[in-house]
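Take a look at the letters that make up each chain.
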Amino acid sequence: MARSLPPGLRPFFLDQLSAADLAALQAPGGTLSAARVSFASRDRVRLLGLEAMAVVAGAAFDPEDPVVVGDWVLVSQDSDPPVVYRRLDRSSCLRRRKPLGGVQAVAANLDLALICTAMGADLNPRRVERWAALCQEAGVPARVLLTKVDPGADPAGALHALAPLGLSVTPLSALHGEGVETVRGWLQPGDTATLLGSSGVGKSTLINALLGATIQETGDIRAIDEKGRHTTTSRSLHAMPGGAYLVDNPGVREVGLVETGGVAEAFPEIDALLRAAAFGAAATRARWAAPWRRRWRRASWMAALAAWKKLEDEARAEVQRRVEGARTDARLSTQKARGRNARFSEPAKRRP
Ligand SMILES: Nc1nc2c(ncn2[C@@H]2O[C@H](COP(=O)(O)OP(=O)(O)OP(=O)(O)O)[C@@H](O)[C@H]2O)c(=O)[nH]1
Ligand SMILES: [Mg+2]
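Residues numbered from 1 in each chain as written. Chains lettered and ligands numbered in written order. Predicted model: local features only at pLDDT ≥ 70, side-chain atom pairs only at ≥ 80, totals over all residues.

S.K.: How would you explain the overall build of the protein if you had to name every residue and give the values?
M.R.: A count of helical and extended segments in the protein gives 10 helices and 13 strands. Residue burial in the protein is summarised as follows: out of 352 residues, 33% are buried. Here the contacts in the protein between residues at least 6 apart in sequence split such that 66% fall between residues at least 24 apart. (Helix = DSSP H or I, 4+ residues; strand = E, 2+ residues; numbered from the N terminus. Buried ≥ 20, exposed ≤ 12 C-beta atoms within 10 Å, placed from the backbone. Contact = placed C-beta atoms within 7 Å.)

S.K.: Pulling in residues and values, what's your account of the site of ligand 1?
M.R.: Around ligand 1 sit 21 residues in total, of which Gly-202, Ser-204, Thr-218, Thr-232 and Gly-251 are the nearest. Per element, the largest residue contribution to the shell around ligand 1 is 3 residues, and it comes from helix H6 (residues 203-211). Here the residues of the shell around ligand 1 sort into 4 nonpolar, 13 polar and 4 charged. (Near = placed C-beta within 6 Å. Nonpolar A, V, L, I, M, F, W, Y, C, P; charged D, E, K, R; others polar.)

S.K.: Any details on helix H3 (residues 125-138)? Residues and values, ideally.
M.R.: When the terminal C-alpha atoms of H3 are compared, their 20 Å separation across 14 residues agrees well with the 20 Å that a helix rising 1.5 Å per residue should span. Judged by how many residues are buried, H3 sits mostly within the fold: 11 of 14 residues are covered. Once H3 ends, the next one or two residues include Gly-139, with phi positive near 70°. (Expected span 1.5 Å × (residues − 1).)

S.K.: Any details on the nonpolar core? Residues and values, ideally.
M.R.: Core analysis: the largest hydrophobic core is formed by 66 residues, its most contacted members being Val-73 and Ile-115. Per-element accounting of this core gives the leading share, 7 residues, to H3. Two domains share this core, each providing at least three of its residues, namely domain 1 (1-7 + 28-89) and domain 2 (97-248). Apart from residues no more than four positions distant in its own chain, Val-73 is found in contact with Ala-35, Val-37, Ala-60, Val-67, Val-84, Arg-86, Arg-87 and Leu-88. (Core = buried A, V, L, I, M, F, W, Y, C linked by C-beta atoms within 7 Å. Domains from an automatic or database assignment.)

S.K.: Can you break down the confidence of the model for the protein residue by residue, with the values?
M.R.: For the protein, per-residue confidence averages 81 on the pLDDT scale, and 70% of positions sit at 70 or higher. Every residue in residues 222-228 scores below 50 in pLDDT, and together they form 6 contacts with partners more than four places removed in sequence or on other chains. (pLDDT = per-residue confidence, 0-100.)

S.K.: Before we move on, can you summarise the sheet that holds strand S2 (residues 44-47) with the specific residues and values?
M.R.: With mixed pairing, the 5 strands of this closed barrel are ordered in space as S1-S2-S3-S5-S4. Ignoring which end each strand starts from, the neighbouring axes of this sheet average 50° apart. (Pairing = 2+ DSSP bridges. Axes fitted to C-alpha atoms, helices over the stretch in contact; angles between N-to-C directions.)

S.K.: Could you give me a rundown of the sheet that holds strand S13 (residues 245-248), with the residues and numbers involved?
M.R.: Taking strand neighbours across the sheet as the criterion, the 6 strands line up as S10-S9-S8-S11-S13-S12 in an open arrangement whose pairing is mixed. Of all the strands in the sheet, just strand S10 (169-171) and strand S12 (236-239) have a single pairing partner and so form its edges. Taken over all neighbouring pairs, the strand axes of this sheet differ in orientation by 25° on average, direction set aside. Looking at chain direction, strand S8 (residues 112-118) and strand S9 (residues 142-147) are connected through 6 bridges and run parallel. Paired with Ala-118 across the strands is Thr-147, a residue of S9. Helix-sheet contacts for H3 involve S8, S9 and strand S11 (192-196), and the interaxial angle to S8 is about 175°.

S.K.: Lay out the environment of Leu-196 with the relevant residues and their values.
M.R.: Mapped onto the elements of the fold, Leu-196 is located in strand S11. Counting along the chain gives 80 residues from Leu-196 to Cys-116, while the straight-line C-alpha distance between them is 5.9 Å. The residues contacting Leu-196, other than those within four sequence positions of it, are Ala-113, Leu-114, Ile-115, Cys-116, Trp-131 and Asn-249.

S.K.: Mind laying out unusual backbone geometry, listing which residues take part and the relevant values?
M.R.: Cis geometry marks the peptide bond from Asp-80 to Pro-81; its omega dihedral reads 5°. When you line up the elements, Pro-81 lands in the loop between strand S4 (72-76) and strand S5 (83-87). Even without being a glycine, Asn-109 presents a positive backbone phi close to 60°. Residue position: Asn-109 is located in the loop between strand S7 (103-108) and S8. With 27 C-beta atoms counted inside 10 Å, the residue Asn-109 sits in the buried group. Backbone geometry at Lys-148 places phi at a positive 65°, although glycine is not the residue there. Here Lys-148 shows up in the loop between S9 and helix H4 (156-162). Judged by the 25 C-beta atoms lying within 10 Å of it, Lys-148 falls in the buried class.

S.K.: So what's going on with the pairing of strand S6 (residues 93-97)? Which residues, and what values?
M.R.: Across the 5 residues of S6, 5 count as buried, placing the element largely inside the fold. Pairing between S6 and S7: 5 bridges, direction antiparallel. Bridged to Arg-97 within S7 is Val-103.

In C-alpha cells, the structure reads:
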C-alpha cells in the first residue's frame, strides 16, 4: 500500500517535488520520506515522526544558511543515521541579527507569530515593537499575547500601554486556561505558529496548554542574576493534536533587526514624512504637516520617534556591516586570484 505524505505538506511544498520524487516518497516499503524539522543543531536535526537524529549532508547542508526548525526536508532512512538530502524552499523565514554580527535564521515556514509579553515588570511596548518589525520583515502576521492575566488581574493599564502599537492584543492566562481556546481557534490544520518573547513570559506554559500535555519544561526566572535563567534552551517544533504546529523558542534578550524595510513598515507615518522631506514633495509635506503637528504634541509620539530612530540606526548599522563584509570578501578573493595568477604567469623577462 502506498505510504501517505505527512499532513501539513502543503501545495507550496508539493509543487517543488517532481513526479519521480512523489512516487519515491509514497512507494510501499520505501526508505525516502518528507519530514519536518523539530530540532536543529548545525548538521544534526530531529524530524517529526522519526526516532533517530538525522544528519544533513551534501547540498542540503549550507553552513551559511543551515536547516532550521520548521523546515521541510527529504530524508533517506537507508543508512544509520538517516540522511537529509534536500531542504525544500521556505514559504517564510524569521531571521534575527546576532549580537556579535551576522544574521541567523530562527524558524521557517511560519504562518503566525505570537509575540508574548507578560503583565508587570516584563511589559515593554518597545520590545514588542521590535518583534513586530522582525515579523513584518519575514512576512509573518503577528498577534500580541498579554500573558499572565490571571483571574482578578486588571489588564487595562497594560492594554493601554500596548494600544499605540496598532497590533491585535489578546489577554491570556495559560496557567488558568483563559484565552487558550481563542489562540487554538486561530490555528487551522497545517498552520505553524511561533511563540516569541522574553524569558519567563510563559511561552512554554502556553505551548503545554495548547498541546494538552506537559511536553515543555517551564520555570521561574532566577533572581540571583539579572539576566534571568532561560528555562527553554533550544528551539523546538511540536505537532498539535488538531494538525497545527507550534514552535517554542528560548527567550532572547536582544531582538536584532535585519533590513530597514521592516522598520519603515512598522512606522509608516514617520517613514512617509521622511520620504516627503527627502524628495521635496511639497504637496505631500503639506498633507502630512497638520496631523503630524497635532500628534507631535503627544508624548507617545516622542517615544515612538525615539524608538523608530533606535530601530533605524540598528538596521542601518547591520546593512553597513553587511556591505563591509561583502567588500572584505571581494578584496580577499581578488588577492587570492592575484596570487593564483602570479603562480601561473610566466616569469618576468630580465632586462638586458
Ligand atoms: N501567574 C501566572 N504565571 C504563569 C502563567 N504562565 C506562565 N506562568 C509562570 O511563569 C513562569 C515562566 O513560564 P515559562 O512558560 O517557563 O516561560 P517561558 O517564556 O517559556 O520562559 P523561557 O523558556 O525561559 O523563555 C513559570 O513559573 C510559569 O508557571 C500565567 O498565565 N499566570
Ligand atoms: Mg520556555
